[in-house]
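# Commentary on secondary and tertiary structure
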Amino acid sequence: PVDALQKMAELLEPRDKSREGAWGAPALPGSCLADNRLNLDVYPDGCCRFLQLFQGRQGEELQVEFLRLSTNDRLLGTALGILPRLKHLKSLVLKGGHARDEFGSCQRGSLNSLPPDIGNLRCLTHLDLSFNSLSTLPSCILHLPSLCVLLVSHNSLVALPEDFGSLSKLTFFSAMKNQLKELPRSIGELAVLQDLDLSENALEFLPEEVGNLHNCTELDLSGNHLSSIPDSLANLKSLRRLHLHSNLLVTVPASLATLPNLSRLDLQNNCLRAVPPEIQTSPFVHLRGNPLGETEPSPQADESSARGLQRLFLASGEDSFTVTSEGCRVFLACGIHFYFPPGAATDPLRIYFRTLAPDPQWVKLRHHDVLLSRVLELQPHGVKFQQEVQIWMPYASPQTLHQCEVVVRTFSGQSWSDLRTRVEQKRKSKKHMAHCSVLHFSWFLVVSRLVQNECKVPTEGTLLFSSVDPNIKVTFPPGVTEETRSVKLQV
């Protein structure tokens, strides 16, 4: 378009006539198109160099087939307007991560959309938009008739378009490290898809149609929120590697063991207490980090026992209540509540409580910790119950939980420690609650911390890896310890 060319000419006007090219960049001869490739993402002024090639070439088509540009470049917007003219383009890489912030971390690119005319690049087979700021997939991508490879990892996508399955020639798709919560049913229409990477998203369930990806050889669903997977995955007869580690799986279908080409089934770091014997005995299955053989935690309260249980609702001025051997539920005005199961206290016990503003001299936060609640003090300190008492504490939801988790932290009188915590959300009020079980009373608060991975290291050795970044692994060789040790890892 003429407007884009005029804007380009203004931008490329040399500020210093004594220099060659704009901003002192050397003029680019046509011979820079060696083998029809332009790798300009290695230059801080790559977009400027790209635009220089089009000065005075309004009617001329450049035979560019492979192009790489940095989306951290301040002239990116102008460069994008030129792309639809590259009719022979086969591979386009528009990635961020080429600049670093003051802490040395890679900065995402500024790309949050694409010009609609990009959909007219009929020869384009490879498109990489990783490390950018996309919150939705540009609609023009669905109009690329030859697209085989699509990478949109490290963006902010929360959903894929309903007609995503229209990319009928797609063989490789990576949307790793986004915020996807669900998948469109049309994903099952990607008949020739071979490699699908949806790791480190927020998927809670999978559509049955995923089982229609009959040519898929590698499927990565690790680092999501899946509690189950559909039986239809047993239809993926071409599948060689299935990655499901670091989810919330409580069950897996036994039929996965029948997949004829499967060479790796990674189920590490889930919530599996039992697995079908066909899977447990398969040599290609990895199960470390699961509570195999452990009993279910005590329920919040089943209805049969809760019906006759005393319920106490305390006003804002009250500071104590009495627990008997019959148990009770207690609701405080501030939103905290407790469940004392029958038999938790053998004799009537007076419980005193108060909430306190945290004292920085006393509440010691670690690096990257965020305080999410006031301090709850329960007395008498150190009292031991016969059964676990359950506590629900409301907390301020952090802006992001990326690479972090919410836990209840307790003070023993000498040191702070973190309790095993479940995060819940009330249906009506939408309040966030941290739920833990304790056998003693002292001080409690809610914090956000870096995700913690833990394992037992026996004498025969083991492997511990981060669920935040599975590439970070700690290998404990045989003989590294004479007795079993507990090791924790945070990234």
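Given the structure is predicted, the values throughout are model-derived calculations rather than measurements. (Residues numbered from 1 in each chain as written. Predicted model: local features only at pLDDT ≥ 70, side-chain atom pairs only at ≥ 80, totals over all residues. Heavy atoms only, no water.)

## Things to note about the confidence of the model for the protein
Put simply, the protein has an average pLDDT of 84, and 86% of its residues get 70 or more. Segment residues 11-31 is flagged for pLDDT under 50; beyond a separation of four residues in sequence, or across chains, it makes 32 contacts in the model. Below pLDDT 50 for its whole length, residues 300-306 participates in ten contacts with residues either more than four positions away or in separate chains. (pLDDT = per-residue confidence, 0-100. Contact = heavy atoms within 4.5 Å.)

## Some words on the side chain of S186
With respect to the secondary-structure elements, S186 resides in the loop between strand 6 (172-174) and strand 7 (195-197). The exposure class assigned to S186 is buried, which follows from its relative accessible area of 8%. Only 3.1 Å separates the side chain of S186 from the backbone nitrogen of G165, close enough to count as a polar contact. In this view, S186 contacts P161, E162, D163, F164 and G165; residues no more than four positions away in its chain are not counted. (Helix = DSSP H or I, 4+ residues; strand = E, 2+ residues; numbered from the N terminus. Buried < 20%, exposed > 50% of the residue type's maximum accessible area, 1.4 Å probe, protein only. Polar contact = N/O pair within 3.5 Å; in protein donor to acceptor, adjacent residues only side chain to side chain.)

## Some thoughts on the nonpolar core
F50 and F173 are the most contacted members of the largest nonpolar core, which has 79 residues in total. Elements supplying a minimum of two residues to this core: helix 2 (46-52), strand 2 (66-70), helix 3 (76-80) and strand 3 (91-95). Broken down by element, the residue count for this core peaks at four residues, all from helix 2. Beyond its immediate chain neighbours, meaning those up to four positions away, F173 contacts L150, V152, L160, F164, L193, D195, L196, D197 and L198. Counting residues in each nonpolar core, the second largest holds 33 residues, with V330, A344, V406 and V408 among its members. (Core = buried A, V, L, I, M, F, W, Y, C linked by side-chain atoms within 4.5 Å.)

## Things to note about the environment of S232
Assignment of secondary structure puts S232 in the loop between strand 8 (218-220) and strand 9 (241-243). Residue classification places S232 among the buried positions, given a relative accessible area of 9%. When the C-alpha atoms of S232 and P207 are compared, they prove to be 9.1 Å apart, with 25 residues separating the residues in sequence. Setting aside its immediate chain neighbours within four residues, S232 contacts E208 and G211. Polar side-chain contacts of S232 include one of 2.8 Å to the backbone oxygen of E208.

## Focus: the pattern of salt bridges
As enumerated under the stated definition, the model contains twelve salt bridges in all. Of the charged contacts, one joins R409 and D369 as a salt bridge, the two residues approaching to 2.9 Å between their closest N and O atoms. Within this pair, whereas R409 is found in strand 20 (residues 404-411), its partner D369 is found in the loop between strand 16 (349-356) and strand 17 (370-371), the two being separated by 40 residues in sequence. For D369, a relative accessible area of 12% gives the class buried. With a shortest N-O distance of 3.0 Å, E405 and R449 are connected by a salt bridge. Of the two residues, E405 sits in strand 20 while R449 sits in strand 24 (residues 443-450), which places them 44 residues apart along the sequence. On the basis of relative accessible area, E405 is assigned to the partly exposed category, the value being 22%. One salt-bridge network, held together by shared partners, links D369, E405, R409, D418 and R449. (Salt bridge = Lys/Arg side-chain N within 4 Å of Asp/Glu carboxyl O.)

## Side note on the packing of aromatic side chains
Enumeration according to the criterion identifies eleven aromatic pairs in this entry. Ring centres of F313 and F331 lie 4.8 Å apart, and the angle between their planes is 10°; this geometry places the pair in the stacked category. Taken together, the residues span a long stretch of sequence, with F313 in strand 12 (residues 310-313) and F331 in strand 14 (residues 328-331) at a distance of 18 residues. Residue F313 is classed as exposed on the basis of its relative accessible area of 57%. For the pair F321 and F338, a centre-to-centre distance of 5.9 Å together with 35° between the ring planes defines the contact as tilted. You can see F321 sitting in strand 13 (residues 320-323) and its partner F338 sitting in strand 15 (residues 337-340), a full 17 residues away along the chain. By relative accessible area, which is 0% here, F338 ends up buried. Put simply, the rings of F321, F338, F340, F353, F385 and F441 pair up and form one aromatic cluster. Geometry around F66 places R37 over its ring, the cationic atom sitting 4.0 Å from the centre. For the cation-ring pair, R49 lies above Y43, with the distance from its terminal atom to the ring centre recorded as 4.0 Å. (Phe/Tyr/Trp six-rings, centres within 6.5 Å; stacked < 30°, edge-to-face > 60°. Lys NZ or Arg CZ within 6 Å of the ring centre and 35° of its normal.)

## Some details on unusual backbone geometry
In this chain, Q379 is followed by P380 through a cis amide linkage whose omega measures 5°. Within the secondary structure, P380 is located in the loop between strand 18 (375-379) and strand 19 (384-394). In the Ramachandran plot, N269 falls in the positive-phi region, its phi being about 55° despite a non-glycine side chain.

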